[in-house]
Amino acid sequence: MMEIPIALYSLSAVSGLFGEFKRGVKASGVLSALASVSLIGVAVGALSSGLPVRESILGVPVVIDSLSLPFLFIIAFLSLVVSIYSIPYMGLHKDRDRPFAYTLAYGFFIISMVFVALASDLLWFVFFWELMTLTSFVFVSWRRQDAGIKYLLTMQVFNTVPLFIALGIIYSATGSFSVDYATLKEVAASLSPTQLKLLYAMFLVTFLAKSGSVPFQFWVADAYDSAPSNVASLMAGAMEKMAVYGLVRLLCNALPCSGSVGYILAALGIITMVSGTLYALRENRAKRLLAYSSVGQMGYIWFAVGMGMVFLTRGMENLAYLAFLAGVFHSFNHTLFKGLLFLISGNFEYAAGTSDLNELGGLRRAMPYSSLFTVVGALSLAGVPLFSGFLSKWMIYQAGYYSGVGLFVFGSVIAVFMSAVTLAYSLKFYTSAFGGKSRVRTEKVAEVPPGMLLAEGILALTSFAVGVFPVLVYPVLTISLNGGGITVTPGSVSTGFGYFSPIALLLALSFAAVAVYFVLRPEKANAEPWNAGALFLPEERYGARSEDYYKQYFEEMGEVYRLGSAVGNAGRAVLSAFVSVYLFLARGLVYTGREKKRSFTLDELRSHASRYLDEAFFAPLMGLVRNITVLSSGVSLSMDDLFLVSMITAVVVLALLVL
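If you're wondering where the values come from, they're calculated on a predicted model, not measured in any experiment.

(A) Geometry of the state of the cysteines. For the coordinates displayed, the defined rule picks out one disulfide. Between the sulfur of Cys252 and that of Cys257 lies a disulfide, 2.4 Å long from S to S. Given an S-S torsion of about -80°, the disulfide between Cys252 and Cys257 has left-handed geometry. Overall, Cys252 belongs to the buried group, its relative accessible area being 1%.

This is how it looks when you write it as structure tokens:
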């Protein structure tokens, strides 16, 4: 039945061909929402009929097993919510007037993530991984070309190149690029120790870079800030999880689980957790704050998965169960609350015209539902009990505490402190936007359309429900690591550790709140804000702007942030060096415009719109596709539309060549 959601997503992708922007976006949203509902049905049906389920879709071998199921559900659920949200939200971008560019990229972005999670062949995994990068690049470039270029270059250097090297290593052992996951362990046994280490390193670099983890975090803030908020929600909530899936699938299921890789991953997880969280605390733009927050939360996930890999190789099965379950559970929870908060940042853009927290304030009365949903998302992000982020973090703490491994105990302590810092920037996020006096013209600010609120309400309600009744998602969280010989289920986590009952806590807090209300019933009174004895201080200056939060802390910790900036500059310098090497190697194969082919300097190559040999191969086909598209739509295509048509056609042709 997988053909139904794929067909609906494909129809949503081409819906922009017919009609103007608003109509195309609406058709895309409706069709992709229906596709997501169908995909959820496929996931539930596969779970009820028994896993694994194997089939072939358009020649692509796919499998729904207990490892791919939770990530398939993440994609389906979040894409459903975002598709509903996108229908009214994308009216904010109607000035772009690129319906086909939007719908084509949006539809194929979701399709690519679905196939990344389902493909059972490594070559098809790489193919759809690259398609996921290409389509997300379109959205990162939606408003800022520089952010898109940085993102694409980073992905090419730290995703495409390592994946192709990994494919080359596998080809050297098998004579084929197309290898299913089931035979990868046999392939690994035939590799030399050096080849195997290089294979692990290439996969590790790929997945860390895609998730924006240290030391590859330098692209994240610009990319998420530049993309439309609905797509930023998908990138943070779903695309990052494809990195988690890929790493667990390839490095701890298809290939033998490596304890050394586990230690590296756990250590980088701790560093990423600290770096992302501290940088989120400093940010004043909502989407940049949430971008660095995603970096920090990915640190939690990598820390958990790294611990699980080490425990698995040591034979500590109970702790391995707990660590892997915590990593997958936190991936699901992160999808809920980070997807919600990125949509909230879209509310700011839609209603107030800015997501700069310094320019917002006092929006609680004008946007009461957005305010409520932000509270739920912020408390979930901070890991406050009764909200979705708490229990998965609690599992991570326990796995580290009871391990007896110094690095993991230290990491768990750091994780607790970082949760406190997360609460600090979550309060900053909420109070800067909704508290205090308004810094925007309140009479022009109103609550966002019902479609946007409906999508956010679904995420907020689910986040609270999972926090109180985590048993609701336990069936989806069952994963099997056949390569490691274990099956992770909530029932298999029998450790004798401290027990936490969210239902009991909810009842206790409710009873206490009712008792306090009746015993200490407050009397309503109007009071002026206290000015601390200051004279001639205008009332509009009583509130603090986002940049005023934790000011003394930033003054004291300035050296730490300067060190982080230096590391980021080093990363960008490495990326620039890779680009220079690439241009140096390619300049003999490049011509610009209609000039005769000659040798160009690197500066000329950087500034020119270069044409490469593969473009000469595809150019006639692109012209044919352009003519067919113009005739079918009755309108002229923009250069952006032509670019998208060309790239998608190139992908299809490459697929045919592979077949």
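(B) Quick peek at a nonpolar patch on the surface. Among the surface-exposed residues, Tyr401, Tyr402, Val413, Val416 and Phe417 lie close enough to one another that they form a single nonpolar patch of about 470 Å² accessible area. Of all the elements, helix α16 (residues 406-434) adds the most residues to the nonpolar patch, at three residues. If you trace the backbone, Phe417 turns up in helix α16. Using a relative accessible area of 54% as the deciding quantity, one classes Phe417 as exposed.

(C) Seen up close, the packing of aromatic side chains. Within this structure, the stated rule accounts for 30 aromatic pairs. Between Phe203 and Phe207, the ring centres sit 6.2 Å apart and the planes meet at 10°, which makes this aromatic pair stacked. Here Phe207 and Phe203 lie together in helix α8 (residues 193-210), a separation of four residues that amounts to about one turn. Owing to a relative accessible area of 1%, Phe203 belongs among the buried residues under this scheme. Note on Phe390 and Trp394: the rings are 5.5 Å apart at their centroids and 35° apart in plane angle, and the pair reads as tilted. Taken together, the residues span about one helical turn, with Phe390 and Trp394 both in helix α15 (residues 388-401) at a distance of four residues. Residue classification places Phe390 among the buried positions, given a relative accessible area of 11%. One aromatic cluster is present, built from ring pairs that chain together Tyr102, Tyr106, Phe139 and Trp142. For Lys393, the ring lying beneath its charged end belongs to Tyr300, and the centroid distance is 4.7 Å.

(D) Main features of the nonpolar core. Phe125, Phe203, Met309 and Phe348 are the most contacted members of the largest nonpolar core, which totals 203 residues. Setting aside residues no more than four positions away along its own chain, Phe348 makes contact with Ala286, Gly353, Thr354, Ser355, Leu357, Leu360, Leu363, Phe429, Ala433 and Phe434.

(E) Geometry of the pattern of salt bridges. Under the counting rule described, the total for this entry stands at seven salt bridges. The shortest N-O distance in the salt bridge between Asp65 and Arg249 comes to 2.9 Å. Taken together, the residues span a long stretch of sequence, with Asp65 in the loop between β2 (60-64) and α3 (68-89) and Arg249 in helix α10 (residues 229-254) at a distance of 184 residues. When its relative accessible area of 13% is taken as the criterion, Asp65 is described as buried. On the accessibility criterion, Arg249 (4% relative accessible area) is buried. As a salt-bridge pair, Arg288 and Asp222 come within 2.8 Å of each other at their nearest N and O atoms. Here the residue Arg288 occupies a position in helix α12 (residues 286-314), and Asp222 occupies one in helix α9 (residues 220-226), the gap between them amounting to 66 residues. Using a relative accessible area of 14% as the deciding quantity, one classes Asp222 as buried.

The rules behind the values
Residues numbered from 1 in each chain as written. Predicted model: local features only at pLDDT ≥ 70, side-chain atom pairs only at ≥ 80, totals over all residues. Heavy atoms only, no water. Disulfide = S-S within 2.5 Å. Buried < 20%, exposed > 50% of the residue type's maximum accessible area, 1.4 Å probe, protein only. Patch = residues over 30% accessible without salt bridge, like charges linked within 9 Å, V, L, I, M, F, W, Y side chains within 5 Å. Areas by Shrake-Rupley, 256 points an atom, 1.4 Å probe, with all protein chains shown as cover. Salt bridge = Lys/Arg side-chain N within 4 Å of Asp/Glu carboxyl O. Helix = DSSP H or I, 4+ residues; strand = E, 2+ residues; numbered from the N terminus. Phe/Tyr/Trp six-rings, centres within 6.5 Å; stacked < 30°, edge-to-face > 60°. Lys NZ or Arg CZ within 6 Å of the ring centre and 35° of its normal. Core = buried A, V, L, I, M, F, W, Y, C linked by side-chain atoms within 4.5 Å. Contact = heavy atoms within 4.5 Å.

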